[in-house]
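Reading the structure
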Amino acid sequence: MSSPVGTAAPLAGPTSTRRGGRTSARIDKTVVSGVFSLDGQDFDVDNNVWLVGDDDEVLVIDAPHDAAPILDAIGGRRVTAIVLTHGHNDHITAAVALREATGAPIWFHPADLMLWETVHPGALPDHAVGHCTRFSVAGTFLLSMHTPGHSPGSTSLYARDLETVFTGDTLFCGGPGATGRSHSDEPTILHSIRSCLLTLPGDTVVKTGHGVDTTIAAEASRVP
């Protein structure tokens, strides 16, 4: 790994004018269901997959369970990158198959490699995502933020022009993500949320790894 740098539904218009000016980018979402496995337990889960782009190219955030519905959501567009928010199996199982199908590189935080290796022992991500790695797509950009706690390598992606942050399992509608399992830590996730996510504008939409959207302002009072 080198150093850094369902059915889709459009949630922003085909051309959006936001804080950073005019961009052709929009956000699409597809939900893929499967099993989350950790610490000897299995849970049925529904995972959000976020696609940021336009009619020509797209960046994919997370690759859970099965590549087929993600490829359906991509719909033949060029995939610029597959960016994984963390290493739990329900966010990375389809990453290698998606890379093979699209030719797009996988970006992944190296602090979660021990989780990656349990799912993909014979393969590696292509690039290490760090803090402030910049991804350009469809006339806009996303900036990574290292937000550990749910896992050591948990990463959020801020799309300023689209007034949106993608938080994986770090912040949900209702508060911080879970920290009761291996490789997680509650004080660390609270620090990540306070020092990175809660510094964003309050009207920033929070798009999560599971469940419904929220905003930074709505979650500020739910973070101890």
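Look above for the structure.
Attention in this report is confined to the structure presented alongside it.

Tallied over the entire structure, the rule returns eight salt bridges. Among the salt bridges present, the one from D28 reaches R77, with a minimum N-O distance of 3.1 Å. One end of the pair, D28, is in strand β4 (residues 26-38); the other, R77, is in the loop between α1 (67-74) and β7 (78-83), and 49 residues separate them in sequence. Taken individually, D28 and R77 each receive the classification buried, so the pair is uniform in this respect. Ionic pairing is found between D213 and K207, a salt bridge with its closest N-O pair at 2.6 Å. Here K207 falls in the buried class, since its relative accessible area comes to 5%. Among the charged side chains, a network of salt bridges with common partners joins R26, D28, D55 and R77.

Let us now look at helix α3 (residues 95-102). Buried within α3 we find A95, V96, L98 and R99. Buried residues along α3 cover an arc of 160 degrees about the axis, so they all sit on one side. Residues of α3 that are buried make contact with β6 (57-61), α1, β7, α2 (89-92), β8 (106-108) and α4 (113-119).

If you walk through the whole model with that rule in mind, you get four aromatic pairs. Ring centres of W50 and F166 lie 6.0 Å apart, and the angle between their planes is 55 degrees; on these two criteria the pair is classed as tilted. You can see W50 sitting in strand β5 (residues 41-53) and its partner F166 sitting in strand β13 (residues 164-168), a full 116 residues away along the chain. Using a relative accessible area of 2% as the deciding quantity, one classes W50 as buried. For F166, a relative accessible area of 1% gives the class buried. A centroid spacing of 5.4 Å and a plane angle of 50 degrees characterise the contact between F108 and W116, whose relative ring orientation is tilted.

So, how was this worked out
Residue numbers restart at each chain and count upward from 1, following the sequence in its written direction. Local features in this predicted model are restricted to residues of pLDDT 70 or higher, and side-chain atom pairs are both shown and tallied only at a pLDDT of 80 or more, whereas totals for entire chains, interfaces and linings draw on every residue. Processing note: side-chain calculations cover all non-hydrogen atoms of the structure and skip hydrogens and water entirely. Salt-bridge detection follows one rule: a side-chain nitrogen of Lys or Arg within 4 Å of a carboxyl oxygen of Asp or Glu. By the criteria applied, helices consist of DSSP H or I runs no shorter than four residues and strands consist of E runs no shorter than two, each listed in order from the N terminus. A simple rule labels every residue: compare its accessible area, found with a 1.4 Å probe on the protein chains alone, to the largest value its type can have, and call it buried under 20%, exposed over 50%, or partly exposed in between. Here the arc refers to the set of directions running from the helix axis out to each C-beta atom. We call two residues in contact whenever any of their non-hydrogen atoms come within 4.5 Å of each other. Any pair of Phe, Tyr and Trp rings, taking the six-membered ring for Trp, is counted once the centres come within 6.5 Å. Such a pair is stacked with planes under 30 degrees apart, edge-to-face with planes over 60 apart, and tilted for the rest.

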